[in-house]
Amino acid sequence: FRLIERKTTIELKYHRIKDAQKRNKKQIFPHVLKQCKGRWFLIGTTVDTKEVMCYSMDQIEDIKPLPIKYEPYDGRWDEYFESVIGVTKKADDTPQDIVFWASQDECAYLAGKPVHSSMTPLKKNDAELRKRYRLPDDGKLFRINCIVNFELKREMASKFGERIVLEPPSLRKEIINDVKTMLNRYRMITSKKPRSV
């Protein structure tokens with residue numbers, strides 16, 4: 001926080017979750033600290049390419065101030081995160097319209113906690129979509145406009161059959177593949193006879 005406040009360029013030494021043994025170094029201009037799902041993230045731009053990067057604080061091992069002139073972010077962070085669920089966003093990501101069905105029980109939950117600030121009930125084409133996707137008569141259709149990232153996929157799949165992504169087809173297929181993987185793993189552990197101890 002102090003380094004951001006003092007506009008200090010830094011070098012980070014960090015590791016990634018999938019490869020905790022490998023150490024990486026990156027020179028960045030630190031700009032923002034953001035909390036998401038109980039974890040804190042440092043958002044900054046790289047010194048060499050000016051790309052916006054996100055680093056989980058629990059993966060940062062060392063921070064070293066550098067004598068490189070600090071460059072502020074050329075934009076507004078509220079606008080940067082406006083189209084994102086979570087913190088993950090790539091430079092070439094653009095928001096997409098995502099249409100999903102929610103069960104009646106899930107609608108009550110969504111009334112108090114929308115998936116995204118852009119969430120609106122979908123009334124146009126409602127009957128057509130219900131027929132095309134053979135949806136139950138209850139529940140409602142919604143549209144959000146945001147970046148498709150890991151956090152969005154996790155959010156949409158976290159309610160199991162209470163939320164069903166209809167469009168875009170690419171996102172629906174990704175979630176279906178993730179559900180198939182989960183189902184296959186459950187089948188593996190339930191189809192084997194327990195070993196005797």
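Everything below is about the structure printed above this text.
As the structure is a computational prediction, the values presented were derived from the model and not from experiment.

S.K.: Sorry, what's going on with the nonpolar core here?
M.R.: One broad rule of soluble globular proteins: the nonpolar side chains tend to lie buried together. Residues Phe100, Val115, Ile144 and Leu152 are the most contacted members of the largest nonpolar core, which totals 16 residues. Taken together, the elements giving at least two residues each to this core come down to strand 6 (96-102), helix 3 (104-112), strand 8 (140-146), helix 5 (150-157) and helix 6 (169-191). With sequence-adjacent residues up to four places away left out, isoleucine 144 is seen in contact with Gln96, Asp97, Ile98, Phe100, Val115, His116, Ser118, Met119 and Leu152.

S.K.: How should I be thinking about the sheet that holds strand 9 (residues 163-167) in this particular structure?
M.R.: With antiparallel pairing, four strands are arranged side by side in an open sheet as 7-8-6-9. Either end of the sheet is taken by a strand with one partner, and the two such strands are strand 7 (120-121) and strand 9. Taken together, the two bridges between strand 7 and strand 8 define a ladder with antiparallel strand orientation. Bridge pairing links proline 121 to phenylalanine 142 in strand 8. Contacting strand 6, strand 8 and strand 9, helix 3 runs over the sheet at an angle of about 125 degrees to strand 6. Against the sheet, helix 6 contacts strand 6 and strand 9, and its axis sits at roughly 140 degrees relative to strand 9.

S.K.: What should I look at first to understand the state of the cysteines in this one?
M.R.: Between two cysteines, a covalent bond joining their sulfur atoms is known as a disulfide. Following the criterion strictly, the structure yields zero disulfides and no others. Unpaired in terms of disulfides, cysteine 54 finds its nearest cysteine sulfur in cysteine 36, a separation of 8.5 Å.

S.K.: Explanation requested: helix 3 in the structure shown.
M.R.: Turn by turn, an α-helix covers 3.6 residues, leaving residues three or four places apart pointing in a common direction. Among the residues of helix 3, Glu106, Cys107 and Leu110 are the ones counted as buried. Seen end-on, helix 3 carries its buried residues on one side only, within an arc spanning 105 degrees. Across helix 3 from its buried face, at more than 90 degrees, point the exposed residues Asp105, Ala108, Ala111 and Gly112. The inward-facing, buried residues of helix 3 contact strand 6, strand 8 and strand 9.

Here is what the cut-offs are and how they apply
- Residues numbered from 1 in each chain as written.
- Predicted model: local features only at pLDDT ≥ 70, side-chain atom pairs only at ≥ 80, totals over all residues.
- Heavy atoms only, no water.
- Core = buried A, V, L, I, M, F, W, Y, C linked by side-chain atoms within 4.5 Å.
- Buried < 20%, exposed > 50% of the residue type's maximum accessible area, 1.4 Å probe, protein only.
- Helix = DSSP H or I, 4+ residues; strand = E, 2+ residues; numbered from the N terminus.
- Contact = heavy atoms within 4.5 Å.
- Pairing = 2+ DSSP bridges.
- Axes fitted to C-alpha atoms, helices over the stretch in contact; angles between N-to-C directions.
- Disulfide = S-S within 2.5 Å.
- Arc of directions from axis to C-beta.

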